[in-house]
Amino acid sequence: MILLDGKKTSLLVQETIAKEVNILKKKGYRVPHLAAILVGDNGASMTYVNNKVTACQKVGFTSSVLEMPKNISQEELLKQIHRLNEDDSVDGFIVQLPLPKHIHEQEILLAINPDKDADGFHPTNFGRMALGLKSFIPATPYGILELLNQYHIPTDGKDVVIIGRSDIVGRPISILLSQKPWNATVTLTHSHTQNLSELTKKADIIIAALGIPKFLKADMVKEGAAIIDVGITRIADTTTKKGFRIVGDVDFEYVKEKVSYITPVPGGVGPMTIAMLMKNTLNAYKRKYKIQ
Ligand code: GUN
């Protein structure tokens with residue numbers, strides 16, 4: 001069994017980006033700038049945004065975080081987005097999800113200038129991605145593709161089963177893997193899928209992205225399959241310093257004995273998401289200044 005090391009792979013991606021940033025600096029250009037809007041005090045969201053800021057520092061980007069109160073109005077949040085759309089010093093920005101219930105998420109994402117949409121969540125980018133046109137690819141699906149690529153895991157003609165149809169992971173990765181050059185036969189499953197095990201047991205690659213800890217059991221997978229675990233649920237654990245631990249959607253200890261490749265949680269897909277957000281930001285910058 002080979003562990004798909006997202007930490008190591010994300011560092012490789014970040015080193016390449018850092019080299020490009022150094023070249024830009026030597027040429028006298030300003031460095032790329034990623035901004036993040038963080039609404040409220042959700043612990044996980046705060047951690048993710050902090051990790052994104054740290055990654056910006058590592059690759060040499062400027063970053064800024066706009067912290068908004070959880071009772072912010074829709075209008076005020078839209079105003080902040082328009083401000084970032086118009087700020088020429090910001091190359092890309094994200095709105096950390098989830099947003100409070102009173103906020104209309106789709107309207108917020110629709111307000112982001114697609115050229116600055118580093119998360120690739122705007123319908124223009126999603127539509128372009130679905131058509132195989134140049135676009136920002138959502139960072140988690142992009143990170144999964146990069147992991148598969150770095151470990152030379154073949155997808156052409158392979159059976160891929162994805163568990164979970166979210167807008168930011170399951171659905172986009174299902175579209176991407178079915179396209180050229182990946183050419184996989186993709187089954188997108190969800191909570192209404194019948195006989196899920198029958199499907200997963202035939203899969204060469206399983207992507208678990210449903211958010212239920214240890215959902216994918218050893219008896220649901222084929223010997224030699226590749227397993228990508230997107231789950232990152234916080235489980236209370238008083239034996240840890242933080243008071244919780246992160247658990248994936250895969251029953252790792254048992255599944256790992258049966259498969260060829262598997263991502264750990266933490267240290268698998270999570271770091272890749274952040275690295276690919278950096279890549280999208282650099283791409284936004286390069287497109288803006290028409291740099292190849
Ligand atoms: N919440 C969970 N994943 C993501 C992500 O990739 N981007 C944003 N903006 N919010 C998220």
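The coordinates are above.
Residues numbered from 1 in each chain as written. Predicted model: local features only at pLDDT ≥ 70, side-chain atom pairs only at ≥ 80, totals over all residues. Heavy atoms only, no water.

Can you walk me through the packing of helix α1 (residues 6-26) against helix α10 (residues 269-288) in this structure?
To characterise two packed helices, one gives the angle between the axes of the helices and the distance between these axes. Interaxial distance between α1 and α10 falls to 8 Å at its minimum, and their mutual angle equals 20 degrees. It follows that α1 is roughly parallel to α10 by the angle criterion. Relative to α10, α1 is oriented so that their crossing is left-handed. For the pair α1 and α10, the contacting residues are Gly6, Lys7, Thr9, Ser10, Val13, Gln14, Ile17, Glu20 and Leu24 in the first and Pro271, Met272, Ile274, Ala275, Met276, Met278, Lys279, Leu282, Tyr285 and Lys286 in the second. Partitioning the contact of α1 with α10 into residue classes produces 11 nonpolar, four polar and four charged. (Axes fitted to C-alpha atoms, helices over the stretch in contact; angles between N-to-C directions. Helix = DSSP H or I, 4+ residues; strand = E, 2+ residues; numbered from the N terminus. Parallel < 35°, antiparallel > 145°, perpendicular 65-115°, else oblique. Left-handed = near helix turned anticlockwise from the far one by under 90°. Contact = heavy atoms within 4.5 Å. Nonpolar A, V, L, I, M, F, W, Y, C, P; charged D, E, K, R; others polar.)

Just checking my understanding: could you explain the site of the ligand for this structure?
With respect to spatial proximity, the complete set of residues near the ligand consists of Lys52, Val95, Gln96, Leu97, Asp119, Phe121 and Ile168. Between the ligand and Gln96 there is a distance of 3.3 Å, counted from a nitrogen atom to a side-chain nitrogen or oxygen. Between the ligand and Asp119, the relevant distance is 2.6 Å, taken from a nitrogen atom to a side-chain nitrogen or oxygen of the residue. Considered on its own, the ligand offers 280 Å² of accessible surface; in the complex 84% of this is hidden by protein. Among the residues forming the shell around the ligand, the class breakdown is four nonpolar, one polar and two charged. (Near = heavy atom within 4 Å. Polar contact = N/O pair within 3.5 Å; in protein donor to acceptor, adjacent residues only side chain to side chain. Areas by Shrake-Rupley, 256 points an atom, 1.4 Å probe, with all protein chains shown as cover.)

Explanation requested: the nonpolar core in the structure shown.
A general trend in soluble globular proteins is that nonpolar side chains are found buried together. Residues Ile144, Ile207 and Met278 are the most contacted members of the largest nonpolar core, which totals 49 residues. At nine residues, the largest contribution of residues to this core is made by α10. (Core = buried A, V, L, I, M, F, W, Y, C linked by side-chain atoms within 4.5 Å. Buried < 20%, exposed > 50% of the residue type's maximum accessible area, 1.4 Å probe, protein only.)

Can you help me understand the pairing of strand β5 (residues 159-163) in this one?
The element β5 is largely enclosed, with a buried count of four among its five residues. Sheet topology places β5 next to strand β6 (residues 185-189); five bridges connect them, and they run parallel. Counted as the bridge partner of Val160 is Val186 from β6. After leaving β5, the chain enters helix α7 (residues 170-178) and then returns to the sheet as β6, a path that is right-handed. Bridge count between β5 and strand β7 (residues 205-208): four bridges; the pairing is parallel. Its bridge partner being in β7, Ile162 is matched across the sheet by Ile207. (Pairing = 2+ DSSP bridges. Right-handed = clockwise from strand over helix to strand, strands pointing away.)

What am I meant to see in the packing of aromatic side chains here?
How two aromatic rings sit relative to each other is given by the distance of their centres and the angle of their planes. With the rule as written, the count across this model stands at one aromatic pair. Over the ring of Phe136 we find Arg287, and its NZ or CZ is 4.3 Å from the ring centre. (Phe/Tyr/Trp six-rings, centres within 6.5 Å; stacked < 30°, edge-to-face > 60°. Lys NZ or Arg CZ within 6 Å of the ring centre and 35° of its normal.)

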